[in-house]
Amino acid sequence: MKWFYRCHTCGATYEIAPGRYLCTPCARQQQKDRPLAGVLEVAWEGAADPRSLPLPIEPPWFAPIPVGRTPLWAPQRLREQFDAPSLWLKDDTCNPSGSFKDRASWLVAAFASKHGVKEIVLASTGNAASSMAAVGAAAGLRIKVFLPATAPLAKRIQVLQYGAELVTVDGNYDQAFDLSLEYSNRTGSLSRNTAYNPLTIEGKKSVAFEVVDDLIGSGAGAPDHVFVPVGDGVILAGVYRGFEDLLKLGRISKIPTVWACQAEGSSAIARALASPLEGNDAFGEPLPSSTLADSISVDVPRNGLHALSKLRKYAGKAVIVSDGEILVAQKTLASGSGLFAEPSSSTAFAGWLKVRESIPAQQTCVLLITGSGLKDIAAAARGLGLQA
Ligand SMILES: *Cc1c(COP(=O)(O)O)cnc(C)c1O
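Heads up: these notes are all about the structure in this document. In this numbering scheme, every chain counts its residues from 1 along its sequence in written order. Given that this is a predicted model, residues contribute local features only at a pLDDT of at least 70 and side-chain atom pairs are listed and counted only at 80 or more, while totals for whole chains, interfaces and linings are drawn from all residues. As a rule here, side-chain values come from all non-hydrogen atoms in the structure, and water together with hydrogens is ignored.

Take the sheet that holds strand β13 (residues 365-369) next. Ordered by their spatial adjacency, six strands build an open sheet running β4-β5-β13-β10-β11-β12, and the pairing between neighbours is mixed. Both edges of this open sheet fall to β4 (72-73) and β12 (317-321), since each of them pairs with a single strand only. In terms of strand pairing, strand β11 (residues 257-263) meets β12 through five bridges, oriented parallel. Bridged to Ala-260 within β12 is Ala-318. Taken strand by strand, helix α8 (residues 206-217) contacts β4, β5 (87-91) and β13, and its axis lies near 135° from that of β5. Any pair of residues with heavy atoms lying within 4.5 Å of one another is described as a contacting pair. Orientation is described by axes fitted as lines to C-alpha atoms, over the contacting stretch for helices, and by angles from 0 to 180 degrees between their N-to-C directions. Runs of H or I in DSSP of at least four residues are treated as helices and runs of E of at least two as strands, each being numbered from the N terminus. Across the sheet, helix α9 (residues 234-248) lies against β10 (225-229), β11 and β13, angled at about 150° from β10, the strand it touches most. Strands are labelled as partners when DSSP assigns at least two bridges between them.

What follows covers the nonpolar core. As used here, the term nonpolar core means buried Ala, Val, Leu, Ile, Met, Phe, Trp, Tyr and Cys residues forming a set that is joined through side-chain atoms within 4.5 Å. Exposed residues in this analysis have more than 50% of their type's maximum accessible area, buried residues have under 20%, and partly exposed residues fall in between, with area computed by a 1.4 Å probe over protein chains only. Among the nonpolar cores identified, the biggest contains 89 residues, and Val-228, Leu-236, Val-239 and Phe-243 are the most heavily contacted of them. With eight residues, α9 is the largest single contributor of residues to this core. Discounting residues that sit within four places of it in the chain, Val-228 has contacts with Ile-235, Leu-236, Val-239, Val-258, Trp-259, Ala-260, Cys-261 and Leu-368. Counting residues in hydrophobic clusters, the runner-up holds 27 residues, among them Phe-227, Trp-259, Ala-348 and Trp-352.

This next bit is on the site of the ligand. Around the ligand, a shell composed of 16 residues is seen, among which Lys-101, Gly-231, Asp-232, Gly-233 and Thr-370 lie nearest. In protein, a polar contact requires one atom able to donate a hydrogen and another able to accept it; more generally it is a pair of N or O atoms within 3.5 Å, and residues adjacent in sequence count only if both atoms are side-chain atoms. Side-chain polar atom of Lys-101 to an oxygen atom of the ligand: 2.7 Å apart, as the coordinates give it. One of the side-chain nitrogen or oxygen atoms of Ser-344 is found 3.2 Å away from a nitrogen atom of the ligand. The method behind every accessible area is Shrake-Rupley, applied with a 1.4 Å probe, and residues are considered shielded solely by the protein chains displayed. Protein burial of the ligand: of its 380 Å² of free accessible surface, 98% is covered by the chains. Secondary structure elements with two or more residues in the shell around the ligand: α9 and α14 (343-355). Counted by class, the shell around the ligand contains five nonpolar, eight polar and three charged residues. Throughout, the term near means that a residue has one or more heavy atoms lying within 4 Å of the molecule or strand in question. Any residue that is not Ala, Val, Leu, Ile, Met, Phe, Trp, Tyr, Cys, Pro, Asp, Glu, Lys or Arg is counted as polar, Gly included; the first ten are nonpolar and the last four charged.

Turning to the packing of aromatic side chains, a few remarks are in order. Only Phe, Tyr and Trp rings are paired, with Trp represented by its six-membered ring, and only when their centres lie within 6.5 Å; those with planes under 30 degrees apart are stacked, over 60 edge-to-face, the remainder tilted. For the structure on display, the rule yields 10 aromatic pairs. Ring plane angle 85° and centroid distance 5.8 Å describe the contact between Phe-82 and Trp-352, whose orientation is recorded as edge-to-face. Residue Phe-82 is found in the loop between α2 (76-81) and β5, and its partner Trp-352 is found in helix α14; the two are separated by 270 residues along the sequence. Side by side, Phe-82 and Trp-352 carry an identical accessibility label, which is buried. Ring-pair connections join several aromatic residues into one group, and the members of that group are Phe-82, Phe-349 and Trp-352. Any Lys NZ or Arg CZ found within 6 Å of a ring centre and within 35 degrees of that ring's normal is scored as a charge over the ring. Lying across the ring of Trp-44, Lys-248 places its NZ or CZ 3.7 Å from the centre.

In short, the description is geometric, and any link to function would need to be established separately.
What follows is the structure, encoded as structure tokens:
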């Protein structure tokens, strides 16, 4: 197999090597306060083993930490409650650091190890930081994270327990993003910033392979609908990448309908999808984000242009839910299934609750439950009318 980077906008190709993040000519078109221009996709050519997950880094480079292969739940009581016999929950709270982000961190760390890079730096709303810190601890890499002071306590403590260096930013995620880029540009350490490092998208595709393996293994067939909580749009793009690979490998016959689930106070991608305009024009001026679902709270979705192009290409859909709906969904999910999800992940369930009646009951719906409820106890307490 031959592996390379390809610009999703102009098709230019590049070698997968340290220091390469964006497509050079497309990145020059970057506009202020707009999604990243020139995001690269990982691509491959040649013969692949259709049974295995194709990845651009060889297995020996992966750190010894059990990322992925998370369980797919058949939530019997929720199925009865909502008359939804084909509902499934993909439980990514089971990853080592408690979130889906470990899938991307694991691949980025393998890349660093292969190329002899010793330090990884990133900005995060919380989960990417705790995730990179966990995987870095297993891999023996130095990790430096820029985190807004408002990040939930559990995520900040995780970073420190895993032994990473924490830089608290007196500002929002967007400011942390800029500061971390300044640092990696200055020092040459590897940036794991989401979307900016193409491996963050690639690492997330493994979830599509697992879902298809497990559903087909259980006799349910390939998924018809996948519900994804969306902030920067990297999980969304990674999910599409996985299904594109599965289609190319002949493992599925169509790309499922992917639902981008967003919080009302941070819904740039859903609004862009509804816009008749293209590219940056579909995004327009950013609105300041405001939602209690911190992991999906972004002003400018970094992978917005790429995610939008995938949603348009595959007739993906978007659904917007309020913070109130997210908190109700969190409790309904936990009490109806035993799966306690953080608010961002509950957004996938809230989105499904909102549109489920438009989906025929026999069509398979998979909800990505991306992060543990224990990561943000204050938000969960609020949903119960308590203080924490
Ligand atoms: C980061 C994150 C998301 C959103 O992913 P994006 O790639 O930013 O769209 C959803 N849920 C959890 C738990 C996350 O940590």
